[in-house]
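# Descriptive structure summary
As a plain string of letters, each chain reads:
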Amino acid sequence: MTTSPAILLACLAAAPARSAWYDFAKNDSAPEVVELQVAGRQMENLVDVLEMFPDELKGGKLVVRGKASTTRGSIGAVLVSVDGGANFTKAQLERSGAFYFDFSPTIEREHEFQIRAVDTTGRASDPKAGGFKILVLPDKSREEALALFNKLLELYKKRDRAGFMALVAEDFEGNRASLEEGLENDFSSLSSIDIVPSILRIGKVGGVMELEFSFVRRVQSRTSGKVLSDNSRTVMGFIRQGDELRLYSMAAPLIFGVAAGGEAATSVDATAGGDKILAVTAEGDVVKVDQQQTVGATANQTVSNIVTGQLSIVCAMATGDTNTNCSSVALDSRAATRNLTYQQQRHARDMNTGEVSVTAHFNEHPPATAATGCVWVVEPNSLIRDLGVSDPSSVKTVSSDAADYETAIPANGEVRLVAGRVYAVKTPTLYALLKATTANCSYTPPGGGPDVVSVNAVFEYRIQLSQNPAFY
Amino acid sequence: MLNRVPLLILAAALASPGVTAAQAPASEKFLEIDSRTTVRMTQVSGLGRSASFYRSGTYAVEEPALYFRKSFAQDWRTSAEFRPRFTNDKLTDQRGFSIETLSMEVRNSSRIFSAGDYFAVMSQYSMSQLIKGAAYQRNFRNEENYLRAALGSFDGQWEYLYKEDPNEPMDRRGGGLRGQLARDKYRMGLNWAFVQDDRQDSVRQRTREDAYYQNVGALDWEWRPGTLTLDGEHAAMVTTRAPLNAARTKNHGHANRIRIQGNLLGTRLQGSFENVAKDFTPLAGSASSDRRRYNLQADRRLTPLWRAFAKFSLSHDDLEGSNLKTRTTLTNYDIGVTRTKLFGRKNLEASLAWRRSQTDTRNYTRDKTSDRLQVNVSDQLAKTLRGSILFEPTLDKDHSRGTDARHYFYEVRLSDRRRLPKSWSMNTTLSGRERDTDNLVSLGYDRQRGGALLLDFSRPGGMQTGAEYDLSTTDLHTGTDSRTDRGRAFFEFKPKVFGDMTSGLEYNLARYRFSDPLRNYDEHHVRLSLTWKI
């Protein structure tokens with residue numbers, strides 16, 4: 001499949017180039033200007049009067065680049081006029097015919113360009129054939145950036161995806177296709193969108209007009225009906241495409257294309273650290289997560305999806321019991337050996353991605369004569385580490401290095417969890433924090449009655465579904 | 001007291017021009033004042049009004065600004081800007097008063113001294129940050145060749161500099177150096193930036209956040225051979241992380257990006273490559289860490305009537321290929337054609353585009369392919385009337401769950417733009433859309449429908465008036481349906497009272513309706529705005 005774009009591009013490149021209106025002098029014998037770029041704009045995008053703004057000039061100068069060619073001899077000179085042919089100035093010329101010309105235009109004055117290519121046999125192109133005018137308008141980029149931002153906001157609130165994408169630059173710094181899909185998912189997931197921005201600054205950074213703003217936002221989840229709100233600050237960048245400003249970049253936290261996450265955002269606004277931000281999950285639900293606040297921040301983690309909750313295993317079963325409320329696995333008693341097994345598993349999250357299970361094992365042969373307690377298996381093939389703290393919310397990150405985890409775990413994965421301690425769990429696909437708030441498991445041997453196993457365990461968990469070891 | 005704030009602000013806004021106008025000398029205008037005043041009166045009603053974003057009441061925001069400019073001693077100029085904000089609207093600003101901008105600059109053709117709010121711009125990866133501090137720039141030859149230095153605090157608010165705020169993050173400061181050399185065909189910049197958290201910040205903040213110290217070096221360049229432009233940046237970073245009660249750790253990261261754009265053999269090309277390591281996490285610059293991106297797009301006018309384009313992009317995270325993570329790879333293919341003057345009609349344009357988006361996760365916990373077809377037709381239906389139709393069927397295939405989902409999107413748009421007597425012009429836009437989303441849980445389609453009508457009258461001189469109505473409904477196969485009506489009427493004009501003044505009045509109505517009537521509520525807003533400049 002990856003070969004198809006290459007084939008396509010090759011076909012496009014191989015297609016015959018037809019003469020366009022900007023191709024000067026058409027007869028075979030005369031020289032002609034075959035490529036032309038004015039202030040970075042290709043000639044095919046030029047109109048009769050090319051309007052531009054001071055930020056498109058290089059140090060106040062308008063730069064014209066191009067290439068002239070001829071069928072006989074070589075190009076000897078390229079002359080440029082900025083006053084409709086009254087005066088011509090020599091452009092810098094290379095042997096290949098490539099030329100360069102710059103001049104300082106006057107703001108709000110129309111300059112009429114003509115270009116004449118002369119070859120070494122003395123023939124010249126018709127300068128009027130490809131003439132064009134340029135007009136440098138006063139810099140109103142700040143006002144334009146603000147107007148464009150308000151327009152984007154309006155279109156987003158109205159769920160007008162096509163209108164919105166028309167205002168996104170072709171060379172959008174993030175993934176343009178992902179932004180479009182992110183908008184689509186936002187509009188599908190959010191039944192009501194309200195955003196109140198407050199502009200903090202508008203300024204030029206290189207060729208990009210940046211707008212930084214704080215915002216208050218309220219949305220309603222279409223699937224759950226929940227109304228959630230957040231507030232933070234972020235930055236957007238706009239560049240000029242043709243005569244108009246277009247959306248060029250967005251930093252996280254995003255207010256547009258929230259579902260696209262790191263594919264649409266190309267940076268993280270460091271000042272937004274610590275804020276609770278709305279995010280759209282892959283399932284289309286809206287959740288609030290912590291915006292990354294430290295150096296570990298990456299844009300793709302802004303949709304970090306931390307799931308919190310509790311799982312409990314509470315059960316008391318006697319020999320021969322089949323308690324469906326407790327487990328589908330019955331306590332098994334074999335009279336000859338009194339081999340008792342008990343197993344009850346609970347999943348922290350029941351979905352295809354990201355789950356942690358805890359299994360209470362009681363497997364004694366022969367059974368102990370007094371309460372011995374259960375052993376626990378925390379998600380097979382996982383690693384576990386006692387973090388030595390009692391408050392899961394105090395843990396910001398866990399180690400991603402396997403060497404930092406316990407090495408004394410037996411092959412069957414059984415560990416003894418101490419109630420009140422927080423454990424870091426690393427599975428092949430995720431990181432989790434697990435705290436056994438209660439972890440009681442006891443065995444009562446038959447004293448004239450049946451064998452009884454009682455389990456009363458409650459686990460508090462935090463699962464990071466975004467495959468990173470950060471929990472903020 | 002709060003209820004009197006809007007009136008006081010409005011009174012101050014109206015009263016102040018007379019005072020300041022007298023200060024401006026007739027010969028040289030060195031003081032410029034502008035002001036933006038907004039008063040919003042809001043009424044929220046209905047049983048479900050607690051779900052509203054707004055609270056009933058009158059709120060005002062006043063943002064005056066003072067600009068000072070003065071020339072002195074040959075070619076030296078100085079300028080200053082002060083922009084505070086007063087408000088009782090917590091949606092706009094939690095503080096009643098804040099200083100938005102405070103800056104000054106002294107410059108001539110070769111030297112620039114700046115202080116206060118300053119955009120410290122070195123390069124994308126190294127530093128692009130608003131600081132409160134000082135900067136110096138020395139130009140050589142012209143403004144394209146220079147040496148720049150900046151140093152300051154990253155505090156978002158001026159008040160964070162002198163008082164402790166519960167919402168304030170740990171104090172952070174930084175600075176950088178940039179030297180740029182530019183000639184006709186190339187430009188090159190060398191950058192160094194550093195960021196340092198304040199170890200002496202209060203203990204409360206230190207228990208909440210780790211401290212960081214970072215150094216970044218970067219080289220950025222641009223080369224313009226013929227009609228092509230190539231540019232790039234290469235950066236390396238060292239970051240030290242200092243938790244409160246744990247040992248310091250040091251990370252090294254690097255980032256590279258290269259881009260090419262221009263015209264090659266009549267085909268407009270654009271390509272880019274970017275690789276940002278997991279540990280390249282700039283605190284003052286910007287980058288999307290742990291990500292590699294490729295992008296290539298081309299478009300070409302095949303004939304005067306036909307145009308074709310193709311795009312390919314691929315990106316993935318988890319650059320180190322860690323087994324502890326699931327690498328997610330996103331691939332997009334776009335291909336399309338546009339035909340103008342279809343059926344001999346001068347303005348009839350049709351485009352057909354296909355997009356395939358693939359999302360693959362290494363262990364196939366998610367593996368989706370989405371194919372979207374987009375058909376867009378637009379035409380000039382009458383002298384002033386344009387119309388367009390958009391149709392998008394999408395097929396999502398989730399391989400890991402073995403499910404397919406079909407979604408459809410339709411949109412029709414009509415717009416009319418005509419001139420009326422006495423220099424008035426009228427714009428009318430009518431649009432309708434429907435989005436049908438296959439719900440794999442309820443095994444039915446969730447439908448969202450919307451329609452909008454905009455009527456806008458304007459005339460030269462800044463007078464504008466009109467009305468807008470927008471309706472959107474959500475019809476879930478199972479679940480609570482909802483309907484939102486939004487209406488807006490507005491009037492804006494430029495009274496010739498003094499200076500450059502714009503006044504506006506706007507009325508907004510939003511009605512939220514649900515299948516559960518206990519959740520219904522209405523929002524009414526009347527917004528009065530006044531901006532002026534002298």
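Residues numbered from 1 in each chain as written. Chains lettered and ligands numbered in written order. Predicted model: local features only at pLDDT ≥ 70, side-chain atom pairs only at ≥ 80, totals over all residues. Heavy atoms only, no water.

### Notes on the overall build of chain A
The following threshold applies: Strands are runs of DSSP state E lasting at least two residues, helices are runs of H or I lasting at least four, and both sets are numbered from the N terminus onward. Burial status follows relative accessibility: with a 1.4 Å probe on protein chains alone, a residue under 20% of its type maximum counts as buried, one over 50% as exposed, and anything between as partly exposed. Only the protein chains shown count as cover for residues, and the accessible areas themselves come from Shrake-Rupley with a 1.4 Å probe.
Helix and strand content of chain A: 4 helices and 26 strands. Going through the 472 residues of chain A one by one, you find that 55% of them count as buried. By element, 47% of the accessible surface of chain A is carried by carbon and sulfur atoms, the whole surface being about 18,900 Å².

### Quick look at the overall build of chain B
Rules: Only heavy atoms enter the contact rule, under which two residues are in contact if any of them lie within 4.5 Å.
In terms of helices and strands, chain B carries 3 helices and 26 strands. In chain B, 49% of the contacts between residues at least 6 apart in sequence involve partners at least 24 apart. Total accessible area computed for chain B in this model is approximately 26,500 Å², and 58% of it derives from carbon and sulfur atoms.

### Focus on the nonpolar core
All names here are of chain A. As a reminder of what qualifies: Working definition of a nonpolar core: buried Ala, Val, Leu, Ile, Met, Phe, Trp, Tyr and Cys residues. They are joined through side-chain atoms within 4.5 Å.
Counting 41 residues, the largest nonpolar core has Tyr156, Phe164, Phe238 and Phe256 as its most contacted members. Where this core is concerned, the elements lending two or more residues are helix 2 (141-157), helix 3 (161-165), helix 4 (176-189), strand 11 (190-205), strand 12 (208-221), strand 13 (227-241), strand 14 (244-252) and strand 16 (276-280). For this core, the leading source of residues is helix 2, giving 7 residues. Counting residues in hydrophobic clusters, the runner-up holds 23 residues, among them Ala39, Ile75, Ala91 and Phe132.

### Points about unusual backbone geometry
A cis amide bond, omega 5 degrees, links alanine 252 of chain A with the succeeding residue proline 253 of chain A. Mapped onto the elements of the fold, proline 253 of chain A is located in the loop between strand 14 and strand 15 (267-268). A positive phi angle is found at phenylalanine 343 of chain B, which is not glycine, with a value near 50 degrees. Here phenylalanine 343 of chain B is to be found in the loop between strand 16 (328-340) and strand 17 (349-361). With a phi close to 60 degrees, lysine 422 of chain B is a non-glycine residue in the positive phi region. Looking at the element boundaries, lysine 422 of chain B is found in the loop between strand 20 (403-419) and strand 21 (425-439).

### What about the sheet that holds strand 3 (residues 49-52) of chain A?
Sheet strands pair by backbone hydrogen bonding; their relative direction is either parallel or antiparallel. All names here are of chain A. Heads up, the rule is: A pair of strands counts as paired when DSSP detects no fewer than two bridges linking them.
Read from one edge to the other, the open sheet built from 5 strands follows the order 3-10-9-5-6, with strand pairing classed as mixed. Two strands close off the open sheet at either side, each with one partner strand: strand 3 and strand 6 (89-90). By the bridge criterion, 4 bridges tie strand 3 to strand 10 (residues 132-136) in an arrangement that is parallel. Looking at the pairing, leucine 50 lines up with isoleucine 134 of strand 10.

### Focus: helix 4 of chain A
For an α-helix, the turn length of 3.6 residues means that residues three or four places apart are oriented alike. Residues and elements named next belong to chain A. Which entries qualify depends on this criterion: By this rule, a helix spans an expected 1.5 Å times one less than how many residues it contains. Under the rule applied, a polar contact is a pair of N or O atoms within 3.5 Å (in protein, one hydrogen donor and one hydrogen acceptor; residues adjacent in sequence only if both atoms are side-chain atoms).
With 14 residues, helix 4 ought to run about 20 Å at 1.5 Å a step, and its terminal C-alpha atoms sit 20 Å apart, in line with that. Here helix 4 has its buried residues at Arg176, Ala177, Ser178, Leu179, Glu180, Gly182, Leu183, Glu184, Asp186, Phe187, Ser188 and Ser189. A side-chain oxygen of the first residue of helix 4 lies 3.1 Å from the backbone nitrogen of alanine 177; this N-cap is asparagine 175.

### Quick notes on the side chain of glutamate 63 of chain B
All names here are of chain B. Relative to the assigned elements, glutamate 63 resides in strand 2 (residues 57-72). Relative accessible area serves as the criterion here: at 11%, glutamate 63 is assigned to the buried category. Those residues in contact with glutamate 63, other than ones at most four positions away along the chain, are Asp34, Ser35, Arg36, Arg83, Pro84 and Arg85.

### What about the pattern of salt bridges?
To keep it simple, the criterion reads: Salt bridges are defined by distance alone: a side-chain nitrogen of Lys or Arg within 4 Å of a carboxyl oxygen of Asp or Glu.
Here the structure, examined in full by the defined rule, presents 55 salt bridges over all chains. A salt bridge links arginine 85 of chain B to glutamate 63 of chain B, with the shortest nitrogen-to-oxygen separation between them at 3.6 Å. Here arginine 85 of chain B, found in strand 3 (residues 76-87), pairs with glutamate 63 of chain B, found in strand 2; they are 22 residues apart in sequence, far enough to count as distant. With respect to class, arginine 85 of chain B is no different from glutamate 63 of chain B; both count as buried. Here aspartate 371 of chain B and arginine 356 of chain B are joined by a salt bridge, their closest N and O atoms 2.9 Å apart. With aspartate 371 of chain B in strand 18 (residues 367-380) and arginine 356 of chain B in strand 17, the pair connects residues that are 15 residues apart, well separated along the chain. Judged by its relative accessible area of 17%, aspartate 371 of chain B is buried. Each of Arg161, Glu180 and Glu184 of chain A together with Asp334, Arg355, Arg372, Glu392 and Arg435 of chain B takes part in a single network of salt bridges with overlapping partners.

### Examining the packing of aromatic side chains
Keep this limit in mind: Two aromatic rings, drawn from Phe, Tyr or Trp (for Trp, its six-membered ring), form a pair once their centres lie within 6.5 Å of each other, and the interplanar angle then sorts them: stacked below 30 degrees, edge-to-face above 60, tilted otherwise.
All chains considered together, the criterion is met by 21 aromatic pairs over all chains. Geometrically, the ring pair formed by phenylalanine 101 of chain A and phenylalanine 103 of chain A is stacked, given 6.3 Å between the ring centres and 25 degrees between the ring planes. We note that phenylalanine 101 of chain A, like phenylalanine 103 of chain A, is buried. A ring pair is formed by tyrosine 512 of chain B and tyrosine 521 of chain B, whose centres lie 4.5 Å apart and whose planes are at 25 degrees; its orientation type is stacked.

### Details of helix 2 of chain A
Residue and element names in this part refer to chain A. For helix 2, spanning 17 residues, the distance from its first C-alpha to its last is 24 Å, which sits close to the expected 24 Å at 1.5 Å a residue. When we look at burial in helix 2, the residues that qualify are Ser141, Glu144, Ala145, Leu148, Phe149, Leu152, Leu153, Leu155 and Tyr156. Contacts from the buried residues of helix 2 go to helix 3, helix 4, strand 11, strand 12, strand 13 and strand 14. Directly after helix 2, the chain includes arginine 159, whose backbone phi takes a positive value near 65 degrees.

### Some words on the confidence of the model for chain A
All names here are of chain A. As a reminder of what qualifies: One number per residue, pLDDT, summarises how confident the predictor is, and it ranges from 0 to 100.
Taken over all residues, the pLDDT of chain A has a mean of 71, while the share at 70 or more is 61%. At the level of individual helices and strands, chain A shows its lowest average pLDDT in helix 1 (residues 3-14), which scores 47, and its highest in strand 5 (residues 75-81), which scores 91. Contacts for the low-pLDDT stretch residues 292-304, under 50 throughout, to residues beyond four places or in other chains number 55 contacts. Between residues 327-341, whose pLDDT stays under 50, and residues either more than four places distant or in other chains, the model counts 41 contacts.

### Remarks on the side chain of aspartate 117 of chain B
Among the secondary structure elements, aspartate 117 of chain B is positioned in strand 5 (residues 111-121). Contact partners of aspartate 117 of chain B, with chain neighbours within four places excluded, come to Glu100, Thr101, Leu102, Ser103, Leu130, Ile131, Lys132 and Trp158 of chain B.

### Quick look at the environment of alanine 77 of chain A
All names here are of chain A. Looking at the secondary structure, you find alanine 77 in strand 5. With 47 residues separating them along the chain, alanine 77 and alanine 124 place their C-alpha atoms 9.3 Å apart. Apart from residues no more than four positions distant in its own chain, alanine 77 is found in contact with Lys90, Leu93, Arg116, Ala117 and Val118.

### Regarding the environment of arginine 138 of chain B
Residue and element names in this part refer to chain B. Here arginine 138 lies in strand 6 (residues 128-140). For the pair arginine 138 and alanine 149, spaced 11 residues apart in sequence, the C-alpha separation works out to 9.0 Å. Discounting residues that sit within four places of it in the chain, arginine 138 has contacts with Ser110, Arg111, Asn145, Tyr146 and Leu147.

### Description of the pairing of strand 8 (residues 172-182) of chain B
Residue and element names in this part refer to chain B. Two elements, strand 7 (residues 142-153) and strand 8, share 8 bridges in a ladder whose sense is antiparallel. Residue serine 153 lies in a different strand from strand 8, and its bridge partner there is arginine 173. Pairing analysis gives 11 bridges linking strand 8 to strand 9 (residues 186-197), with the strands arranged antiparallel. When the bridges of strand 9 are listed, arginine 172 appears paired with aspartate 197. In sequence, strand 8 turns back onto strand 9 through a hairpin of 3 residues.

### Brief notes about the pairing of strand 9 (residues 110-119) of chain A
All names here are of chain A. The buried fraction of strand 9 amounts to 7 of the 10 residues, a majority that puts the element mostly inside the structure. Looking at chain direction, strand 5 and strand 9 are connected through 6 bridges and run antiparallel. Within strand 9, the residue paired with alanine 77 across the bridge is valine 118.

### A word on the confidence of the model for chain B
Residue and element names in this part refer to chain B. Per-residue confidence for chain B averages 84 on the pLDDT scale, and 90% of its residues sit at or above 70. Below a pLDDT of 50 lies the segment residues 1-27, which in the model reaches 28 contacts outside its immediate sequence neighbourhood of four places, other chains included. The ipTM, which scores confidence in the relative placement of chains, is 0.71 for this predicted complex, and the corresponding pTM is 0.68.

### Let's talk about a nonpolar patch on the surface
Residues and elements named next belong to chain B. Let me state the cut-off plainly: Each patch groups residues whose relative accessible area exceeds 30% and which form no salt bridge, using 9 Å between like charges and 5 Å between nonpolar side chains of Val, Leu, Ile, Met, Phe, Trp and Tyr.
Side chains of Trp306, Val337, Leu352, Leu373, Val375, Val377, Ile389, Phe391, Tyr410 and Val412 sit close together on the surface and give an oily, nonpolar patch of about 760 Å² of accessible area. Listed by contribution, the elements that provide at least two residues to the nonpolar patch are strand 18, strand 19 (385-398) and strand 20. Here the element with the most residues in the nonpolar patch is strand 18; it accounts for 3 residues. Here tyrosine 410 lies in strand 20.

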